[in-house]
Amino acid sequence: MKTALSALGQRTAPPPISWLMKTALARPRLISLAAGFTDNATLPVGISRQVLNGILCSPKTGQPALQYGTTAGEEKLRQLTATHLQKLDGGHDRAHTPERVIITGGSQQFLYMTLEALCDEGDVVLVEDPTYFVFLSILQSRNLKARGVKLERDGLDLAHLETVLERLNKSGKLRRVKALYLVTYFQNPTGVTTSLAKKHAALKLLKKYEQAAGHPIYLLEDAAYRELRFDHGADVATALTLPSAKERVIYAGTYSKPFATGVRVGFGILPEPLFTAVLRIKGNHDFGTANLLQHLLARALASGLYNGQVAKARNNYARKAAVMKRAMTEHFTANVDIWESGGGLYFWARLPKGISAGVNSKIFQAALKGDVLYVPGELCYADDSSRAKPDNEMRISFGSASEENIREGIRRLGAVLRRFV
Ligand SMILES: Cc1ncc(COP(=O)(O)O)c(C=O)c1O
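Asker: I'd love a proper account of the site of the ligand, names of residues and values included.
Answerer: The full set close to the ligand counts 13 residues, and S107, D222, Y225, T254 and S256 are the nearest of them. K257 places a side-chain nitrogen or oxygen 2.8 Å from an oxygen atom of the ligand. If one sorts the elements of the shell around the ligand by residue count, helix α6 (residues 106-118) sits on top with 3 residues. The residue makeup of the shell around the ligand, split by class, is 4 nonpolar, 6 polar and 3 charged.

And the structure:
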């Protein structure tokens, strides 16, 4: 009998990370430095209890929170989100207005719906090389093409972006290009932060090629880790502060990483006509994000408890990143190039060219045998036939492991690297 599954149902590949997670569960001694989870130790249990008690202590505040809300999101939270972003962006309010904010089930839902509203099968999305692998999975599932743009230590390689756009233009494929997706702060997986100047230059380049494309090409900025800065460098403003932001910048943000991954509330800012299209699509997905969780966040933001929580999380990750760095210095061989980040949850480690750390490599298998897990960097590269996928890199997270496990995990990984590198 033929399958009843849709083309999308048949095509959608298993998430690359799911077997990593299963592997972790099957080995109780295993230390996972793979997951992008936040730290249980700093999750806001007390704050959430206090805020939820406040909401549920009377029918007047409890009932609206336990009722369906609106598709775009709770008004107060939309307002607070716009104000919060304006503050982070130094008072800018160019494109950060509440009526352009949509509250979503994590930023993941926002990214998915934005691609639904923007792309038909065969369309092209430009991505950083490497990039967030779940974004690549959405592209795979929806039969969209990814084109990788090289990444430098300070963000996108602009010359390469121009080369890629020019090549697509020459081959007649520019009209299929819809967006450039950038994870702009403490990027997953490399930890790289993109400067405002680079965001500006990228936006200008996209604009330059719009004529030939015949339609707008959007800059999709994913700022998931923005608030997890723990170095003392200055914050970088978002692309929302740039001149054509109101027409061309799509912004994906989240309260997951800075507050609580389990609350899973994200948000997006969209130019028209995308805002209306995404809102209608969300109407079909779920006609509104869980209302109680939105009320929880609105109260946490308004009371200042949110900011206190973010400060606590930042201090914790600063400490854990320092522990990981010290352990890497002690245990890794000198020829491993470590990309250190000033925030987020990850280190990126590059082995010398020709030494594979990929899924089928001796290093990955030995690490698994030695009960330590990392994310093979190759999973973060798009299927782009114009270049070979590098396989000599590793994403190593200090997010969820305890300090003791970070030290021991890096010691185990170092022992593997000394054998093979
Ligand atoms: C770069 C990036 N964007 C978006 C997300 C999705 O986060 P959430 O849906 O919890 O907001 C993640 C999660 O790991 C991420 O790493």
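Don't stop here, the text continues.
Asker: Before we move on, can you summarise the sheet that holds strand β10 (residues 337-339) with the specific residues and values?
Answerer: By definition, the strands of a sheet pair up through backbone hydrogen bonds, in either a parallel or an antiparallel sense. Judged by pairing direction, the sheet is antiparallel, and its 4 strands sit side by side in the order β10-β11-β14-β13 without closing on themselves. Each edge of the open sheet carries a strand with a single partner, namely β10 and β13 (375-376). Summarising the sheet, β10 and strand β11 (residues 346-350) pair through 3 bridges and their orientation is antiparallel. Following the sheet pairing, I338 is matched in β11 by A349. Strands in contact with helix α13 (residues 305-331) are β10, β11 and β14 (393-397); relative to β11, the strand with the most contacts, it is inclined by about 20 degrees.

Asker: How would you summarise the packing of α6 against helix α7 (residues 133-141) if you had to cite specific residues and measurements?
Answerer: Two numbers describe how α6 lies on α7: the axes approach to 11 Å, and their chain directions differ by 30 degrees. Here α7 runs roughly parallel to α6, going by the angle between their axes. Judged by the twist between their axes, the crossing of α6 over α7 is right-handed. In this structure, α6 uses Q108, L111, Y112 and L115 to contact α7, whose residues at the interface are V134, F135, I138 and L139. Split by residue class, the contact of α6 with α7 holds 7 nonpolar, 1 polar and no charged.

Conventions used here
Per chain, residues are indexed from 1 in the order of the written sequence. Totals for whole chains, interfaces and linings use every residue, but because this is a predicted model, local features are given only for residues with pLDDT of at least 70 and side-chain atom pairs only at 80 or more, for both listing and counting. To get the side-chain values, all heavy atoms of the structure are used, and hydrogens and water are removed first. Only a single heavy atom is needed: when it lies within 4 Å of a molecule or strand, its residue is near that molecule or strand. Polar contact criterion, stated in full: a pair of N or O atoms within 3.5 Å, where within protein one must be able to donate a hydrogen and the other to accept it, and residues adjacent in sequence count only if both atoms are side-chain atoms. Elements are defined by DSSP. Helices are runs of H or I of four residues or more, strands are runs of E of two residues or more, and each kind is numbered from the N terminus. Residues are grouped as follows: nonpolar covers Ala, Val, Leu, Ile, Met, Phe, Trp, Tyr, Cys and Pro; charged covers Asp, Glu, Lys and Arg; every other residue, Gly included, is treated as polar. DSSP-based pairing: two strands are paired if at least 2 bridges between them are found. The criterion used for residue contact is that any of the two residues' heavy atoms lie within 4.5 Å. Here an angle of 0 to 180 degrees is reported between the N-to-C directions of two axes, which are lines fitted to C-alpha atoms, with helices fitted over the stretch in contact. Our angle categories are set so that under 35 degrees counts as roughly parallel, over 145 as roughly antiparallel, 65 to 115 as roughly perpendicular, and the remainder as oblique. Two helices that cross are described as forming a left-handed crossing if the nearer one is turned anticlockwise from the farther one by less than a right angle, and a right-handed crossing if clockwise.

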